[in-house]
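What follows is each chain in one-letter form.
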2 protein chains.
Amino acid sequence: MAKATATLVTDKAPRTERGKRTLQKLLDAAAAEFGERGYHEASIHGITHRAGAALGTFYTYFDSKEQVFRALVEHMGRLTRQSIADRVAHAPDRITAERMGIEAFIEFARAHKNLYRIVMEAQFVAEDAYRDYYRIFASAYRQGLTAAEGRGEISPGPAEERAWALIGISVFLGMRYGVWAEDKTPAEVAAAAGDLIAHGLSPRPARGGEGA
Amino acid sequence: MAKATATLVTDKAPRTERGKRTLQKLLDAAAAEFGERGYHEASIHGITHRAGAALGTFYTYFDSKEQVFRALVEHMGRLTRQSIADRVAHAPDRITAERMGIEAFIEFARAHKNLYRIVMEAQFVAEDAYRDYYRIFASAYRQGLTAAEGRGEISPGPAEERAWALIGISVFLGMRYGVWAEDKTPAEVAAAAGDLIAHGLSPRPARGGEGA
DNA sequence: ACTGAACTTGAATGTTGACTCAAGTTTCAG
DNA sequence: CTGAAACTTGAGTCAACATTCAAGTTCAGT
(Lines give C-alpha, C1' and ligand atoms only; values in the text may rest on other atoms or scores of the structure.)
Protein backbone atom coordinates (compact mmCIF):
# COMPACT_ATOMS: atom_id res chain seq x y z
CA MET A 1 0.00 0.00 0.00
CA ALA A 2 2.87 2.37 0.58
CA LYS A 3 5.24 1.53 -2.26
CA ALA A 4 5.12 2.85 -5.77
CA THR A 5 3.76 0.10 -7.99
CA ALA A 6 1.70 -1.27 -5.14
CA THR A 7 -0.63 -4.28 -5.12
CA LEU A 8 2.37 -6.62 -4.99
CA VAL A 9 1.89 -7.25 -1.39
CA THR A 10 4.07 -9.82 0.26
CA ASP A 11 6.90 -12.08 -0.65
CA LYS A 12 7.21 -11.35 -4.33
CA ALA A 13 8.52 -7.80 -4.04
CA PRO A 14 11.93 -7.35 -5.65
CA ARG A 15 14.86 -6.88 -3.29
CA THR A 16 17.53 -5.63 -5.62
CA GLU A 17 17.84 -2.97 -8.27
CA ARG A 18 17.88 -5.58 -10.99
CA GLY A 19 14.71 -7.06 -9.58
CA LYS A 20 12.92 -3.72 -9.63
CA ARG A 21 13.85 -3.18 -13.25
CA THR A 22 12.65 -6.62 -14.25
CA LEU A 23 9.36 -6.19 -12.46
CA GLN A 24 8.71 -2.90 -14.19
CA LYS A 25 9.55 -4.40 -17.58
CA LEU A 26 7.12 -7.22 -16.89
CA LEU A 27 4.33 -4.83 -15.90
CA ASP A 28 4.79 -2.77 -19.03
CA ALA A 29 4.95 -5.87 -21.15
CA ALA A 30 1.84 -7.26 -19.53
CA ALA A 31 -0.08 -4.05 -20.18
CA ALA A 32 0.91 -4.20 -23.84
CA GLU A 33 0.17 -7.90 -24.22
CA PHE A 34 -3.21 -7.76 -22.51
CA GLY A 35 -4.11 -4.55 -24.27
CA GLU A 36 -3.27 -5.82 -27.72
CA ARG A 37 -4.41 -9.40 -27.50
CA GLY A 38 -6.98 -9.43 -24.74
CA TYR A 39 -6.80 -11.49 -21.58
CA HIS A 40 -7.35 -14.91 -23.06
CA GLU A 41 -5.27 -14.52 -26.18
CA ALA A 42 -2.46 -13.09 -24.12
CA SER A 43 0.13 -15.58 -22.92
CA ILE A 44 2.74 -15.52 -20.22
CA HIS A 45 5.25 -16.35 -22.89
CA GLY A 46 4.10 -13.29 -24.80
CA ILE A 47 4.61 -11.12 -21.74
CA THR A 48 8.05 -12.40 -20.85
CA HIS A 49 9.07 -12.31 -24.49
CA ARG A 50 8.12 -8.64 -24.76
CA ALA A 51 9.96 -7.97 -21.53
CA GLY A 52 13.04 -9.80 -22.77
CA ALA A 53 12.92 -12.21 -19.86
CA ALA A 54 12.60 -15.95 -19.49
CA LEU A 55 9.24 -17.60 -18.93
CA GLY A 56 9.94 -18.62 -15.38
CA THR A 57 10.88 -15.11 -14.35
CA PHE A 58 7.25 -14.14 -14.49
CA TYR A 59 6.52 -16.35 -11.51
CA THR A 60 9.23 -14.71 -9.48
CA TYR A 61 7.05 -11.59 -9.36
CA PHE A 62 3.50 -12.78 -9.84
CA ASP A 63 1.38 -15.63 -8.57
CA SER A 64 -0.66 -16.06 -11.69
CA LYS A 65 -1.85 -14.59 -14.93
CA GLU A 66 -4.96 -13.29 -13.25
CA GLN A 67 -3.02 -11.54 -10.56
CA VAL A 68 -1.05 -9.31 -12.92
CA PHE A 69 -4.24 -8.52 -14.67
CA ARG A 70 -5.87 -7.36 -11.47
CA ALA A 71 -2.83 -5.31 -10.60
CA LEU A 72 -3.09 -3.58 -13.96
CA VAL A 73 -6.79 -2.87 -13.55
CA GLU A 74 -6.18 -1.17 -10.23
CA HIS A 75 -3.24 0.70 -11.63
CA MET A 76 -5.34 2.02 -14.45
CA GLY A 77 -8.12 3.00 -12.10
CA ARG A 78 -5.76 5.26 -10.20
CA LEU A 79 -4.33 6.66 -13.42
CA THR A 80 -7.71 7.51 -14.91
CA ARG A 81 -9.08 9.16 -11.80
CA GLN A 82 -5.90 11.15 -11.40
CA SER A 83 -5.92 12.26 -14.98
CA ILE A 84 -9.53 13.42 -14.95
CA ALA A 85 -9.23 15.02 -11.53
CA ASP A 86 -6.23 17.06 -12.65
CA ARG A 87 -8.04 18.36 -15.68
CA VAL A 88 -11.20 19.24 -13.85
CA ALA A 89 -9.55 20.78 -10.81
CA HIS A 90 -9.64 24.34 -12.04
CA ALA A 91 -13.12 24.29 -13.53
CA PRO A 92 -15.06 27.43 -12.55
CA ASP A 93 -18.26 25.50 -11.93
CA ARG A 94 -19.74 22.02 -12.08
CA ILE A 95 -21.35 22.33 -15.49
CA THR A 96 -18.04 23.37 -17.00
CA ALA A 97 -16.37 20.57 -15.09
CA GLU A 98 -18.67 18.07 -16.77
CA ARG A 99 -17.67 19.21 -20.21
CA MET A 100 -13.99 19.25 -19.31
CA GLY A 101 -14.26 15.81 -17.75
CA ILE A 102 -15.72 14.34 -20.90
CA GLU A 103 -13.06 15.92 -23.02
CA ALA A 104 -10.38 14.60 -20.70
CA PHE A 105 -11.93 11.16 -20.72
CA ILE A 106 -12.01 10.91 -24.49
CA GLU A 107 -8.44 12.10 -24.72
CA PHE A 108 -7.41 9.64 -22.07
CA ALA A 109 -9.10 6.81 -23.90
CA ARG A 110 -7.25 7.74 -27.08
CA ALA A 111 -3.92 7.95 -25.37
CA HIS A 112 -4.35 4.72 -23.43
CA LYS A 113 -6.39 2.42 -25.62
CA ASN A 114 -4.64 -0.58 -24.11
CA LEU A 115 -5.48 0.25 -20.56
CA TYR A 116 -8.98 1.24 -21.53
CA ARG A 117 -9.51 -2.18 -23.00
CA ILE A 118 -8.06 -3.87 -19.95
CA VAL A 119 -10.56 -2.16 -17.67
CA MET A 120 -13.46 -3.11 -19.92
CA GLU A 121 -12.37 -6.70 -20.09
CA ALA A 122 -12.02 -6.85 -16.34
CA GLN A 123 -15.78 -7.19 -16.30
CA PHE A 124 -15.31 -10.80 -17.39
CA VAL A 125 -11.98 -11.67 -15.89
CA ALA A 126 -12.06 -9.99 -12.50
CA GLU A 127 -15.56 -8.71 -12.04
CA ASP A 128 -15.05 -7.48 -8.51
CA ALA A 129 -12.16 -5.31 -9.65
CA TYR A 130 -14.35 -3.93 -12.40
CA ARG A 131 -17.20 -3.10 -10.07
CA ASP A 132 -14.83 -1.46 -7.64
CA TYR A 133 -13.42 0.62 -10.44
CA TYR A 134 -16.80 2.12 -11.25
CA ARG A 135 -18.04 2.23 -7.70
CA ILE A 136 -15.13 4.42 -6.69
CA PHE A 137 -15.77 6.57 -9.72
CA ALA A 138 -19.47 6.83 -8.95
CA SER A 139 -18.84 7.62 -5.33
CA ALA A 140 -16.55 10.52 -6.17
CA TYR A 141 -19.00 11.73 -8.76
CA ARG A 142 -21.87 11.66 -6.31
CA GLN A 143 -19.93 13.78 -3.87
CA GLY A 144 -19.05 16.28 -6.55
CA LEU A 145 -22.67 16.59 -7.60
CA THR A 146 -23.93 16.95 -4.08
CA ALA A 147 -21.42 19.67 -3.34
CA ALA A 148 -22.33 21.49 -6.54
CA GLU A 149 -25.99 21.24 -5.66
CA GLY A 150 -25.20 22.81 -2.29
CA ARG A 151 -23.46 25.67 -4.04
CA GLY A 152 -26.47 26.14 -6.26
CA GLU A 153 -24.47 25.37 -9.42
CA ILE A 154 -26.84 22.65 -10.52
CA SER A 155 -30.50 21.91 -10.04
CA PRO A 156 -31.43 19.62 -7.17
CA GLY A 157 -31.80 15.96 -8.06
CA PRO A 158 -30.75 12.42 -7.16
CA ALA A 159 -26.96 12.35 -7.18
CA GLU A 160 -26.71 8.57 -7.37
CA GLU A 161 -28.66 8.06 -10.60
CA ARG A 162 -27.17 11.17 -12.10
CA ALA A 163 -23.67 9.95 -11.37
CA TRP A 164 -24.19 6.62 -13.13
CA ALA A 165 -25.87 8.27 -16.08
CA LEU A 166 -23.02 10.74 -16.47
CA ILE A 167 -20.41 8.02 -16.20
CA GLY A 168 -22.26 6.11 -18.89
CA ILE A 169 -22.05 9.13 -21.16
CA SER A 170 -18.31 9.44 -20.69
CA VAL A 171 -17.63 5.77 -21.14
CA PHE A 172 -19.64 5.48 -24.32
CA LEU A 173 -18.31 8.66 -25.85
CA GLY A 174 -14.83 7.50 -24.90
CA MET A 175 -15.42 4.20 -26.62
CA ARG A 176 -17.01 5.64 -29.75
CA TYR A 177 -14.87 8.76 -30.26
CA GLY A 178 -11.76 7.71 -28.40
CA VAL A 179 -11.19 4.07 -29.16
CA TRP A 180 -13.25 3.17 -32.22
CA ALA A 181 -12.71 6.18 -34.43
CA GLU A 182 -11.25 9.63 -34.22
CA ASP A 183 -13.58 11.32 -36.67
CA LYS A 184 -14.39 14.13 -34.27
CA THR A 185 -12.19 16.04 -31.87
CA PRO A 186 -12.62 15.44 -28.17
CA ALA A 187 -13.44 19.13 -27.71
CA GLU A 188 -16.18 18.97 -30.30
CA VAL A 189 -17.77 15.89 -28.77
CA ALA A 190 -17.41 17.27 -25.28
CA ALA A 191 -19.10 20.50 -26.33
CA ALA A 192 -22.08 18.61 -27.70
CA ALA A 193 -22.35 16.38 -24.67
CA GLY A 194 -21.74 19.28 -22.32
CA ASP A 195 -24.66 21.11 -23.81
CA LEU A 196 -26.86 18.05 -23.43
CA ILE A 197 -25.81 17.69 -19.81
CA ALA A 198 -26.36 21.36 -19.08
CA HIS A 199 -29.70 21.92 -20.75
CA GLY A 200 -31.14 18.57 -21.73
CA LEU A 201 -33.17 17.92 -24.84
CA SER A 202 -36.15 20.12 -24.05
CA PRO A 203 -36.80 22.81 -26.59
CA ARG A 204 -35.60 26.10 -25.17
CA PRO A 205 -37.74 29.16 -25.42
CA ALA A 206 -36.69 31.25 -28.38
CA ARG A 207 -34.33 34.04 -27.42
CA GLY A 208 -34.73 37.64 -28.54
CA GLY A 209 -37.40 38.98 -30.90
CA GLU A 210 -40.05 36.76 -32.42
CA GLY A 211 -42.97 36.86 -30.04
CA ALA A 212 -45.50 34.16 -31.06
CA MET B 1 -32.54 -14.70 -43.18
CA ALA B 2 -36.08 -15.90 -43.65
CA LYS B 3 -36.37 -18.65 -41.07
CA ALA B 4 -37.17 -18.24 -37.43
CA THR B 5 -33.96 -18.69 -35.49
CA ALA B 6 -31.97 -17.28 -38.41
CA THR B 7 -28.22 -16.90 -38.73
CA LEU B 8 -27.88 -20.65 -39.27
CA VAL B 9 -27.46 -20.18 -42.90
CA THR B 10 -26.64 -23.20 -44.98
CA ASP B 11 -26.16 -26.88 -44.47
CA LYS B 12 -26.63 -27.10 -40.74
CA ALA B 13 -30.32 -26.34 -40.61
CA PRO B 14 -32.39 -29.15 -39.07
CA ARG B 15 -34.59 -31.10 -41.46
CA THR B 16 -36.84 -32.95 -39.08
CA GLU B 17 -38.96 -32.10 -36.08
CA ARG B 18 -36.53 -33.82 -33.78
CA GLY B 19 -33.73 -31.77 -35.29
CA LYS B 20 -35.57 -28.51 -34.68
CA ARG B 21 -36.15 -29.43 -31.07
CA THR B 22 -32.53 -30.35 -30.54
CA LEU B 23 -31.31 -27.14 -32.12
CA GLN B 24 -33.56 -25.08 -29.90
CA LYS B 25 -32.43 -26.94 -26.80
CA LEU B 26 -28.83 -26.30 -27.78
CA LEU B 27 -29.45 -22.59 -28.30
CA ASP B 28 -31.14 -22.24 -24.93
CA ALA B 29 -28.41 -24.24 -23.27
CA ALA B 30 -25.73 -22.14 -24.94
CA ALA B 31 -27.37 -18.91 -23.77
CA ALA B 32 -27.43 -20.24 -20.22
CA GLU B 33 -23.90 -21.59 -20.31
CA PHE B 34 -22.37 -18.45 -21.84
CA GLY B 35 -24.45 -16.21 -19.62
CA GLU B 36 -23.50 -17.96 -16.41
CA ARG B 37 -19.90 -18.85 -17.06
CA GLY B 38 -18.76 -16.40 -19.71
CA TYR B 39 -17.39 -17.29 -23.10
CA HIS B 40 -14.08 -18.78 -22.07
CA GLU B 41 -15.26 -20.66 -19.01
CA ALA B 42 -18.12 -22.07 -21.00
CA SER B 43 -17.49 -25.43 -22.65
CA ILE B 44 -19.18 -27.32 -25.43
CA HIS B 45 -19.57 -30.17 -23.02
CA GLY B 46 -21.36 -27.81 -20.66
CA ILE B 47 -23.74 -26.76 -23.40
CA THR B 48 -24.58 -30.25 -24.62
CA HIS B 49 -24.87 -31.47 -21.06
CA ARG B 50 -27.42 -28.77 -20.22
CA ALA B 51 -29.25 -29.61 -23.42
CA GLY B 52 -29.24 -33.31 -22.60
CA ALA B 53 -27.41 -34.13 -25.80
CA ALA B 54 -24.13 -35.77 -26.65
CA LEU B 55 -21.01 -33.76 -27.26
CA GLY B 56 -20.85 -34.45 -30.96
CA THR B 57 -24.42 -33.30 -31.55
CA PHE B 58 -23.29 -29.74 -31.11
CA TYR B 59 -21.35 -29.95 -34.35
CA THR B 60 -24.38 -31.14 -36.23
CA TYR B 61 -25.84 -27.66 -35.80
CA PHE B 62 -22.90 -25.33 -35.34
CA ASP B 63 -19.51 -24.92 -36.90
CA SER B 64 -17.76 -23.76 -33.78
CA LYS B 65 -18.07 -22.34 -30.32
CA GLU B 66 -17.62 -18.85 -31.67
CA GLN B 67 -20.39 -19.28 -34.19
CA VAL B 68 -23.10 -20.05 -31.62
CA PHE B 69 -21.89 -17.12 -29.64
CA ARG B 70 -22.27 -14.78 -32.59
CA ALA B 71 -25.69 -16.19 -33.34
CA LEU B 72 -26.72 -15.43 -29.77
CA VAL B 73 -25.38 -11.88 -29.93
CA GLU B 74 -27.41 -11.15 -33.02
CA HIS B 75 -30.43 -12.82 -31.56
CA MET B 76 -30.22 -10.63 -28.52
CA GLY B 77 -29.76 -7.52 -30.60
CA ARG B 78 -33.04 -8.16 -32.33
CA LEU B 79 -34.76 -8.99 -29.07
CA THR B 80 -33.56 -5.84 -27.32
CA ARG B 81 -34.46 -3.49 -30.13
CA GLN B 82 -37.85 -5.09 -30.48
CA SER B 83 -38.52 -4.89 -26.80
CA ILE B 84 -37.59 -1.22 -26.51
CA ALA B 85 -39.35 -0.26 -29.73
CA ASP B 86 -42.59 -1.87 -28.56
CA ARG B 87 -42.51 -0.02 -25.30
CA VAL B 88 -41.71 3.34 -26.81
CA ALA B 89 -44.09 3.07 -29.75
CA HIS B 90 -46.96 4.90 -28.11
CA ALA B 91 -44.96 7.64 -26.43
CA PRO B 92 -46.64 11.01 -26.90
CA ASP B 93 -43.34 12.78 -27.54
CA ARG B 94 -39.62 12.21 -27.70
CA ILE B 95 -38.81 13.32 -24.19
CA THR B 96 -41.32 10.89 -22.78
CA ALA B 97 -39.98 8.23 -25.13
CA GLU B 98 -36.54 8.68 -23.60
CA ARG B 99 -37.81 8.03 -20.13
CA MET B 100 -39.84 5.04 -21.24
CA GLY B 101 -36.92 3.67 -23.19
CA ILE B 102 -34.67 3.76 -20.15
CA GLU B 103 -37.28 2.09 -18.02
CA ALA B 104 -37.73 -0.62 -20.65
CA PHE B 105 -34.01 -1.08 -20.93
CA ILE B 106 -33.49 -1.58 -17.21
CA GLU B 107 -36.37 -4.01 -17.06
CA PHE B 108 -35.01 -5.87 -20.04
CA ALA B 109 -31.59 -6.11 -18.44
CA ARG B 110 -33.15 -7.54 -15.29
CA ALA B 111 -35.18 -10.08 -17.18
CA HIS B 112 -32.33 -11.15 -19.43
CA LYS B 113 -29.16 -10.86 -17.39
CA ASN B 114 -27.62 -13.72 -19.33
CA LEU B 115 -28.15 -12.20 -22.71
CA TYR B 116 -27.07 -8.82 -21.43
CA ARG B 117 -23.78 -10.29 -20.36
CA ILE B 118 -23.33 -12.06 -23.65
CA VAL B 119 -23.63 -8.81 -25.57
CA MET B 120 -21.11 -7.11 -23.31
CA GLU B 121 -18.64 -9.91 -23.64
CA ALA B 122 -18.99 -9.85 -27.41
CA GLN B 123 -16.70 -6.86 -27.27
CA PHE B 124 -13.85 -9.26 -26.67
CA VAL B 125 -14.99 -12.37 -28.46
CA ALA B 126 -16.63 -11.03 -31.59
CA GLU B 127 -15.87 -7.35 -31.70
CA ASP B 128 -17.47 -6.76 -35.08
CA ALA B 129 -20.75 -8.20 -33.81
CA TYR B 130 -20.53 -5.94 -30.79
CA ARG B 131 -19.90 -2.81 -32.83
CA ASP B 132 -22.70 -3.69 -35.18
CA TYR B 133 -25.02 -4.10 -32.25
CA TYR B 134 -24.42 -0.56 -31.06
CA ARG B 135 -24.10 0.95 -34.51
CA ILE B 136 -27.56 -0.25 -35.40
CA PHE B 137 -28.83 1.07 -32.12
CA ALA B 138 -27.13 4.43 -32.62
CA SER B 139 -28.37 4.72 -36.15
CA ALA B 140 -31.98 4.20 -35.14
CA TYR B 141 -31.52 6.61 -32.26
CA ARG B 142 -30.10 9.27 -34.53
CA GLN B 143 -33.09 9.04 -36.82
CA GLY B 144 -35.49 9.27 -33.93
CA LEU B 145 -33.77 12.37 -32.62
CA THR B 146 -33.62 14.05 -36.00
CA ALA B 147 -37.32 13.42 -36.55
CA ALA B 148 -38.16 14.77 -33.11
CA GLU B 149 -36.07 17.84 -33.78
CA GLY B 150 -38.04 18.39 -36.98
CA ARG B 151 -41.26 18.17 -35.02
CA GLY B 152 -39.91 20.71 -32.57
CA GLU B 153 -40.12 18.27 -29.68
CA ILE B 154 -36.48 18.72 -28.75
CA SER B 155 -33.94 21.48 -29.07
CA PRO B 156 -31.71 21.41 -32.14
CA GLY B 157 -28.34 19.73 -31.66
CA PRO B 158 -25.95 17.10 -33.02
CA ALA B 159 -27.91 13.83 -33.24
CA GLU B 160 -24.84 11.62 -33.50
CA GLU B 161 -23.15 12.64 -30.26
CA ARG B 162 -26.48 12.82 -28.49
CA ALA B 163 -27.34 9.31 -29.58
CA TRP B 164 -24.15 7.81 -28.20
CA ALA B 165 -24.45 9.74 -24.97
CA LEU B 166 -28.03 8.57 -24.48
CA ILE B 167 -27.13 4.99 -25.24
CA GLY B 168 -24.36 5.24 -22.68
CA ILE B 169 -26.87 6.36 -20.09
CA SER B 170 -29.15 3.41 -20.76
CA VAL B 171 -26.39 0.87 -20.78
CA PHE B 172 -24.88 2.07 -17.54
CA LEU B 173 -28.16 2.41 -15.74
CA GLY B 174 -29.08 -1.02 -17.05
CA MET B 175 -25.87 -2.44 -15.67
CA ARG B 176 -26.05 -0.73 -12.31
CA TYR B 177 -29.79 -0.95 -11.58
CA GLY B 178 -30.67 -3.90 -13.74
CA VAL B 179 -27.84 -6.39 -13.45
CA TRP B 180 -25.81 -5.45 -10.39
CA ALA B 181 -28.49 -4.62 -7.89
CA GLU B 182 -32.19 -4.02 -7.78
CA ASP B 183 -32.22 -1.47 -5.00
CA LYS B 184 -34.32 0.98 -7.00
CA THR B 185 -37.26 0.40 -9.29
CA PRO B 186 -36.75 0.86 -13.02
CA ALA B 187 -39.46 3.54 -12.98
CA GLU B 188 -37.70 5.46 -10.25
CA VAL B 189 -34.36 5.38 -12.03
CA ALA B 190 -35.96 6.22 -15.35
CA ALA B 191 -37.71 9.20 -13.82
CA ALA B 192 -34.44 10.57 -12.50
CA ALA B 193 -32.61 9.99 -15.75
CA GLY B 194 -35.55 11.27 -17.77
CA ASP B 195 -35.45 14.52 -15.89
CA LEU B 196 -31.72 14.82 -16.49
CA ILE B 197 -32.20 14.16 -20.18
CA ALA B 198 -35.07 16.62 -20.43
CA HIS B 199 -33.64 19.55 -18.51
CA GLY B 200 -29.97 18.90 -17.85
CA LEU B 201 -28.16 19.91 -14.69
CA SER B 202 -28.48 23.68 -15.02
CA PRO B 203 -30.27 25.32 -12.16
CA ARG B 204 -33.78 26.15 -13.26
CA PRO B 205 -35.26 29.54 -12.57
CA ALA B 206 -37.45 29.42 -9.51
CA ARG B 207 -41.07 28.93 -10.33
CA GLY B 208 -43.95 30.92 -8.92
CA GLY B 209 -43.69 33.75 -6.40
CA GLU B 210 -40.32 34.84 -5.07
CA GLY B 211 -39.20 37.59 -7.39
CA ALA B 212 -35.53 38.37 -6.65
C1' DA C 1 -42.20 -52.90 -43.67
C1' DC C 2 -38.34 -50.76 -45.98
C1' DT C 3 -34.56 -47.75 -46.86
C1' DG C 4 -31.76 -43.87 -47.29
C1' DA C 5 -31.22 -39.58 -45.15
C1' DA C 6 -31.12 -37.28 -40.86
C1' DC C 7 -29.59 -37.40 -36.56
C1' DT C 8 -27.04 -39.03 -32.25
C1' DT C 9 -23.25 -40.83 -29.74
C1' DG C 10 -18.92 -40.49 -27.02
C1' DA C 11 -14.23 -42.13 -27.32
C1' DA C 12 -10.09 -40.42 -29.48
C1' DT C 13 -7.10 -36.73 -31.35
C1' DG C 14 -4.37 -32.78 -31.09
C1' DT C 15 -3.22 -28.42 -29.45
C1' DT C 16 -2.51 -24.97 -26.37
C1' DG C 17 -0.67 -22.73 -22.54
C1' DA C 18 -0.39 -21.99 -17.38
C1' DC C 19 2.61 -23.25 -14.06
C1' DT C 20 6.86 -25.95 -11.81
C1' DC C 21 11.47 -26.74 -10.78
C1' DA C 22 16.31 -27.94 -10.57
C1' DA C 23 20.32 -25.99 -12.17
C1' DG C 24 22.79 -21.98 -13.11
C1' DT C 25 24.17 -16.75 -12.71
C1' DT C 26 24.28 -12.22 -10.48
C1' DT C 27 24.08 -9.16 -6.65
C1' DC C 28 25.65 -7.02 -2.51
C1' DA C 29 26.44 -6.85 2.54
C1' DG C 30 30.09 -7.65 5.48
C1' DC D 1 36.80 -11.07 -1.70
C1' DT D 2 33.28 -14.25 -0.46
C1' DG D 3 29.20 -16.72 0.06
C1' DA D 4 24.41 -16.77 0.80
C1' DA D 5 20.35 -14.70 -0.88
C1' DA D 6 18.22 -12.98 -4.89
C1' DC D 7 17.35 -13.64 -9.32
C1' DT D 8 17.18 -15.98 -14.05
C1' DT D 9 16.56 -19.74 -17.15
C1' DG D 10 13.76 -22.79 -20.27
C1' DA D 11 12.70 -27.57 -20.76
C1' DG D 12 9.17 -30.36 -18.86
C1' DT D 13 4.59 -31.43 -16.63
C1' DC D 14 -0.20 -31.59 -16.78
C1' DA D 15 -4.90 -30.63 -17.42
C1' DA D 16 -8.33 -28.63 -20.13
C1' DC D 17 -10.97 -28.34 -24.03
C1' DA D 18 -12.40 -27.75 -29.14
C1' DT D 19 -13.10 -30.51 -32.78
C1' DT D 20 -13.40 -35.06 -35.49
C1' DC D 21 -15.34 -39.32 -36.83
C1' DA D 22 -16.86 -44.03 -37.41
C1' DA D 23 -20.47 -46.63 -35.72
C1' DG D 24 -25.11 -46.81 -34.29
C1' DT D 25 -30.20 -45.20 -33.99
C1' DT D 26 -34.38 -42.82 -35.47
C1' DC D 27 -37.23 -40.62 -38.86
C1' DA D 28 -40.28 -39.92 -42.87
C1' DG D 29 -41.78 -40.90 -47.24
C1' DT D 30 -43.37 -44.79 -50.03
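Above this text is the structure in question.
Below or above, wherever it landed, is the structure these notes cover. Worth saying up front: this structure is predicted, and the values here are computed from it rather than measured.

Quick word on the protein's contact with DNA strand D
Part 1 of the argument: Inspection of the region around DNA strand D gives 21 residues, with A:Arg15, A:Thr22, A:Gly56, B:Ile44 and B:Lys65 positioned closest.
Part 2 of the argument: In DNA strand D, the atoms that sit within 4 Å of the protein are 75% sugar and phosphate, with bases accounting for the remainder.
Part 3 of the argument: At 3.0 Å from a phosphate oxygen of DNA strand D is found a main-chain nitrogen or oxygen belonging to A:Thr16.
Part 4 of the argument: Grouping the amino acids of the surface near DNA strand D by side-chain chemistry returns nine nonpolar, seven polar and five charged.

Considerations on the protein's contact with DNA strand C
Part 1 of the argument: Lining the immediate environment of DNA strand C, one finds 22 residues, of which A:Ile44, B:Arg15, B:Thr22, B:Ala54 and B:Gly56 sit closest.
Part 2 of the argument: Here a phosphate oxygen of DNA strand C sits 3.0 Å away from a polar atom, N or O, in the main chain of B:Thr16.
Part 3 of the argument: Contributions of two or more residues to the surface near DNA strand C are made by α1 (17–41) of chain A together with α1 (17–41) and α3 (58–61) of chain B.
Part 4 of the argument: If you tally residues by element for the surface near DNA strand C, the top one is α1(B), at three residues.
Part 5 of the argument: Grouping the constituent residues of the surface near DNA strand C by class yields nine nonpolar, eight polar and five charged.

Regarding the pattern of salt bridges
Part 1 of the argument: In this structure the tally under the stated criterion is 38 salt bridges over all chains.
Part 2 of the argument: The closest approach of N and O atoms between A:Arg50 and A:Glu36, which form a salt bridge, is 3.0 Å. Here the residue A:Arg50 occupies a position in helix α2 (residues 44–51), and A:Glu36 occupies one in helix α1, the gap between them amounting to 14 residues.
Part 3 of the argument: Judged by its relative accessible area of 36%, A:Arg50 is partly exposed.
Part 4 of the argument: Its salt-bridge partner being B:Arg135, residue B:Asp132 comes within 3.8 Å of it at the nearest N-O pair.

Concerning the relation of the copies chain A and chain B
Part 1 of the argument: Take chain A, turn it by 179°, move it 0.0 Å along the axis, and it overlays chain B with an RMSD of 0.1 Å. Both copies are brought into coincidence by an operation consistent with a two-fold rotation axis.
Part 2 of the argument: Of the residues that chain A buries at the interface, 100% are likewise interface residues in chain B, meaning the two copies contact each other through the same surface.

Concerning the interface of chain A and chain B
Part 1 of the argument: Listed per partner, the contact involves 47 residues of chain A and 47 residues of chain B.
Part 2 of the argument: Measuring nitrogen to oxygen at the nearest pair gives 3.8 Å for the salt bridge that ties B:Glu161 to A:Lys184.
Part 3 of the argument: Here chain A is connected to chain B by 12 residue pairs in polar contact (both at pLDDT 80 or more).
Part 4 of the argument: Elements that contribute at least two residues to the side of chain A that touches chain B include exactly α5 (94–111), α6 (113–125), α7 (127–150), α8 (159–180) and α9 (186–199) of chain A.
Part 5 of the argument: Grouping the amino acids of the side of chain A that touches chain B by side-chain chemistry returns 26 nonpolar, eight polar and 13 charged.

Looking at the nonpolar core
Part 1 of the argument: Grouped together as the largest cluster of nonpolar side chains are 137 residues, with contacts concentrated most on A:Phe34, A:Leu173, B:Phe34 and B:Leu173.
Part 2 of the argument: With near-sequence residues (within four places) excluded, B:Leu173 lies in contact with A:Glu161, A:Trp164, A:Ala165, B:Ile102, B:Ile106, B:Gly178, B:Val189 and B:Ala193.

Considerations on the packing of α1(A) against α6(A)
Residue and element names in this part refer to chain A.
Part 1 of the argument: Running from N to C, α1 and α6 cross one another at 40°; their axes reach a closest spacing of 9 Å. Relative to α6, α1 is oriented oblique. Considering how the two elements wind past one another, α1 and α6 form a crossing that is left-handed. Residues Ala31, Ala32, Phe34, Gly35, Glu36, Arg37, Gly38, Tyr39 and His40 of α1 lie in contact with α6, whose contacting residues are Asn114, Leu115, Arg117, Ile118, Glu121 and Val125.
Part 2 of the argument: Residue classes in the contact of α1 with α6 are distributed as seven nonpolar, four polar and four charged.

So, the packing of aromatic side chains
Part 1 of the argument: With the rule as written, the count across this model stands at 25 aromatic pairs over all chains.
Part 2 of the argument: Ring geometry for B:Tyr39 and B:Phe69: centres 5.0 Å apart, planes at 75°, overall edge-to-face. With B:Tyr39 in helix α1 and B:Phe69 in helix α4 (residues 65–88), this residue pair connects regions lying 30 residues apart in the sequence.
Part 3 of the argument: Residue classification places B:Phe69 among the buried positions, given a relative accessible area of 0%.
Part 4 of the argument: Taking the centre distance of 5.0 Å and the plane angle of 75° together, the rings of B:Tyr130 and B:Tyr134 count as edge-to-face. On the criterion of helical spacing, the pair formed by B:Tyr130 and B:Tyr134 is a turn pair, its members being four residues apart in helix α7 (residues 127–150). As far as burial versus exposure is concerned, B:Tyr130 and B:Tyr134 are alike and both buried.
Part 5 of the argument: Taken together through their ring pairs, the aromatic side chains of A:Tyr130, A:Tyr133, A:Tyr134, A:Phe137, A:Trp164, B:Phe172 and B:Trp180 make up a single cluster.
Part 6 of the argument: Seen from the ring of A:Tyr39, A:Lys65 lies directly overhead, with NZ or CZ sitting 4.7 Å from the centre.

Rules used in this analysis
- Residues numbered from 1 in each chain as written.
- Chains lettered and ligands numbered in written order.
- Predicted model: local features only at pLDDT ≥ 70, side-chain atom pairs only at ≥ 80, totals over all residues.
- Heavy atoms only, no water.
- Near = heavy atom within 4 Å.
- Polar contact = N/O pair within 3.5 Å; in protein donor to acceptor, adjacent residues only side chain to side chain.
- Nonpolar A, V, L, I, M, F, W, Y, C, P; charged D, E, K, R; others polar.
- Helix = DSSP H or I, 4+ residues; strand = E, 2+ residues; numbered from the N terminus.
- Salt bridge = Lys/Arg side-chain N within 4 Å of Asp/Glu carboxyl O.
- Buried < 20%, exposed > 50% of the residue type's maximum accessible area, 1.4 Å probe, protein only.
- Least-squares fit on C-alpha atoms with pLDDT ≥ 70 in both.
- Contact = heavy atoms within 4.5 Å.
- Core = buried A, V, L, I, M, F, W, Y, C linked by side-chain atoms within 4.5 Å.
- Axes fitted to C-alpha atoms, helices over the stretch in contact; angles between N-to-C directions.
- Parallel < 35°, antiparallel > 145°, perpendicular 65-115°, else oblique.
- Left-handed = near helix turned anticlockwise from the far one by under 90°.
- Phe/Tyr/Trp six-rings, centres within 6.5 Å; stacked < 30°, edge-to-face > 60°.
- Lys NZ or Arg CZ within 6 Å of the ring centre and 35° of its normal.

This is a description of form; function is not addressed.
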